[in-house]
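Results of the structural survey
So you can see what is in the structure, the chains are spelled out below.
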Amino acid sequence: MIIHESLIALNLPSTNKVEIIEALARKARKLGRIRSVKGYMQAVFAREELFSTAIGYGIAIPHGKSSFVEVPFIAFARSQEEFLWDTRSEHRVSLIFLIGVPEEQASDLHLKILANISRGLMNDSYRERLLQATSVAEIVAIFGEMGL
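The present account deals with the structure reproduced in this document.

**Overview of the nonpolar core**
Core analysis: the biggest nonpolar cluster contains 25 residues, and L24, I34, Y40, F73, W85, I96 and L98 have the highest contact counts within it. Once you skip the residues sitting within four places of it in the chain, I34 turns out to touch A25, A28, R29, Y40, F68, V69, E70 and F73. Counting residues in hydrophobic clusters, the runner-up holds 24 residues, among them L95, F97, I113 and L130.

Structure follows, in structure tokens:
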């Protein structure tokens, strides 16, 4: 399963993208999805340098294709308040989807995950439900409905 309850963090007090990505990467490491938090984060931030992964609608989708990823995953965080994701854009975010894909599976799987997330989140109902969910189980169920 690409999403797992232990890869979800609700109501994070942090409004710092580095801290949030690191917290989610640590969850992925603990679950055995990545071998190195530092190595994986380097891939994520190399991607962030190209252009912001904040896509509007209060959403950011940072991602990393890396040899440090053992098993593909999506981690999810919801911050307590919206915050500016990147100074290069004006997008404020509160829903963060962190994607990890092994380098050798990067092309097809990476694009499929991004497409499913993007398609689902264009639906106002999914976004609102992700914002209002009170449990990790609700988030997992919403992801299932989105085809993740």
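**Let's talk about the packing of helix α1 (residues 17-30) against helix α2 (residues 37-50)**
Running from N to C, α1 and α2 cross one another at 135°; their axes reach a closest spacing of 10 Å. Classed by the angle they form, the pair α1 and α2 counts as oblique. Here the hand of the crossing between α1 and α2 comes out right-handed. Together, K17, V18, I21, E22, A25, R26 and R29 of α1 and V37, Y40, M41, V44, F45 and E48 of α2 make up the contact between the two elements. Considered class by class, the residues forming the contact of α1 with α2 number 8 nonpolar, no polar and 5 charged.

**Considerations on unusual backbone geometry**
The backbone of N11 shows a phi angle near 55°, a positive value even though the residue is not glycine. Residue position: N11 is located in strand β1 (residues 8-12). The class for N11 is partly exposed, based on a relative accessible area of 39%. For Y57, which is not a glycine, the phi torsion comes out positive at approximately 60°. Looking at where Y57 falls in the secondary structure, it is placed in the loop between β2 (54-56) and β3 (59-60).

**Here's the deal with α1**
The first and last C-alpha atoms of α1 sit 20 Å apart over 14 residues, in line with the 20 Å expected at 1.5 Å per residue. All of the buried residues along α1 are K17, I20, I21, L24, A25 and A28. Down the axis, α1 shows its buried residues gathered within 130° of arc, on one side only. Looking at the packing, one finds that the buried side of α1 touches β1, α2, β5 (73-84) and β6 (92-102).

**What to know about the pairing of β5**
Both β1 and β5 contribute to a ladder of 3 bridges, which runs parallel. Across the sheet, A9 pairs through a bridge with A77, a residue of β5. Judged from the 8 bridges that link them, β5 and β6 form a sheet pairing that is antiparallel. Bridge assignment links A75 to a residue of β6, and that residue is L98.

Reading the values: rules and limits
- Residues numbered from 1 in each chain as written.
- Predicted model: local features only at pLDDT ≥ 70, side-chain atom pairs only at ≥ 80, totals over all residues.
- Heavy atoms only, no water.
- Core = buried A, V, L, I, M, F, W, Y, C linked by side-chain atoms within 4.5 Å.
- Buried < 20%, exposed > 50% of the residue type's maximum accessible area, 1.4 Å probe, protein only.
- Contact = heavy atoms within 4.5 Å.
- Axes fitted to C-alpha atoms, helices over the stretch in contact; angles between N-to-C directions.
- Helix = DSSP H or I, 4+ residues; strand = E, 2+ residues; numbered from the N terminus.
- Parallel < 35°, antiparallel > 145°, perpendicular 65-115°, else oblique.
- Left-handed = near helix turned anticlockwise from the far one by under 90°.
- Nonpolar A, V, L, I, M, F, W, Y, C, P; charged D, E, K, R; others polar.
- Expected span 1.5 Å × (residues − 1).
- Arc of directions from axis to C-beta.
- Pairing = 2+ DSSP bridges.

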